[in-house]
Amino acid sequence: MNDELAARHRAITLRLAGRTVKSICAALGRTRAWFHKWWRRYLESGTEGLYDTTRANHRAQRIPPELERTILSIRRRLQAHATPATRYSLIGAHAIRAELKALDVRPLAAVRTIERVLQRNGLTAPRVRLAPLLPRQEYPGPQARASNQLHQVDLVGPIYLKGSGRRYYIWVGKDAFDGAVCLRLAGSRRMDEVLGFLGECWKDLGRPTRVQLDNARELSGWGPAARRLSRVIRLCLRFGVEPVFIPKGEPQFNGGIENFNGVLVQRQWDKRGRSLS
């Protein structure tokens, strides 16, 4: 079909360029009748006329009036006896066709024909609307009603100095109640840095009842260590601090410290310096 369509386009192009019909037919290996057919199609419809047209019968076949009245009567009867539980399952086109078949009605209308009859007479049932989704239940995170009841811990970085490719990080601890903040500049994000930061943070702000963390590997452990309590968790339990991990991939549940990190990034990252000070 692609070769035939290309030949039609080529013939029209050559004719528009001034070539004779005889030379065009000789070049393409086609008859004069073939050329005149597609040249006439082109003059009538342009390039759209060069495509094949379907041979299907497009005349709408209306069903007998008696059959249409029968379909409507069956539909009204089924709709009148339908219960709320079966409102949409027992009055459709399939149910109507099944009753027509049981009554030995001839000709037996197709399902699509029955649907068109119902639509034409305004008896189409509305689409079933699903119930709206219930609002998502909020994560039951800990609440802080006094200082040192809840500390939130997070990491900012990596940070790069001008002219240096070395990475630096800032560990941030924030009291969820009074907003007190403890910062520590670190050269890596290893678990040893976390342990040192927690010690400094608890000395400066006080030892909290709970500390809220994300699921970073340096906090929860990774590799073989992921099968047992990490050193961060054991440190918290050793000093009576309850570690709380937020859901994986949902930092909004650590929103207080995430907002502070956003302010920190906005104010400091545009003023990248050449030294740690």
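A brief structural summary. (Residues numbered from 1 in each chain as written. Predicted model: local features only at pLDDT ≥ 70, side-chain atom pairs only at ≥ 80, totals over all residues. Heavy atoms only, no water.)

A look at the packing of helix 2 (residues 21-28) against helix 3 (residues 32-45)
- Helix 3 packs onto helix 2 with a crossing angle of 110° between their chain directions and a minimal axis gap of 9 Å. Between helix 2 and helix 3, the crossing angle belongs to the class labelled roughly perpendicular. Along the contact surface, helix 2 presents Val-21, Lys-22, Ile-24, Cys-25 and Leu-28, while helix 3 presents Arg-32, Trp-34, Phe-35 and His-36.
- Residue composition of the contact of helix 2 with helix 3, grouped by class: six nonpolar, one polar and two charged. (Axes fitted to C-alpha atoms, helices over the stretch in contact; angles between N-to-C directions. Helix = DSSP H or I, 4+ residues; strand = E, 2+ residues; numbered from the N terminus. Parallel < 35°, antiparallel > 145°, perpendicular 65-115°, else oblique. Contact = heavy atoms within 4.5 Å. Nonpolar A, V, L, I, M, F, W, Y, C, P; charged D, E, K, R; others polar.)

Notes on helix 5 (residues 93-102)
- Listed in full, the buried residues belonging to helix 5 are Ala-93, Ile-96 and Leu-100. For helix 5, the angular spread of the buried residues around the axis is 65°, confining them to a single face. The exposed residues of helix 5 that point more than 90 degrees off its buried face are His-94, Lys-101 and Ala-102.
- Remark: Asp-104 follows helix 5 within two positions and exhibits a positive phi of approximately 60°. (Buried < 20%, exposed > 50% of the residue type's maximum accessible area, 1.4 Å probe, protein only. Arc of directions from axis to C-beta.)

A few points about the packing of helix 5 against helix 6 (residues 111-120)
- Between helix 5 and helix 6, whose axes approach to 9 Å, the crossing angle comes to 115°. Taken together, the axis directions place helix 5 and helix 6 in an arrangement best described as roughly perpendicular. Of the two possible hands of crossing, helix 5 and helix 6 adopt the one that is right-handed. Here Ala-93, His-94, Ile-96, Arg-97 and Leu-100 of helix 5 lie close against helix 6, whose contacting residues are Val-111, Ile-114, Glu-115 and Leu-118.
- Residues belonging to the contact of helix 5 with helix 6 are distributed by class as follows: six nonpolar, one polar and two charged. (Left-handed = near helix turned anticlockwise from the far one by under 90°.)

Side note on unusual backbone geometry
- Put simply, Arg-106 and Pro-107 share a cis peptide bond, and its omega is 0°.
- The backbone phi angle of Asp-104 is positive, close to 60°, even though this residue is not glycine.
- One can find Asp-104 in the loop between helix 5 and helix 6.
- If you check the backbone angles, Asn-148 has positive phi at about 65° while not being a glycine.
- Following the sequence through the fold, Asn-148 ends up in the loop between helix 6 and strand 1 (150-160).

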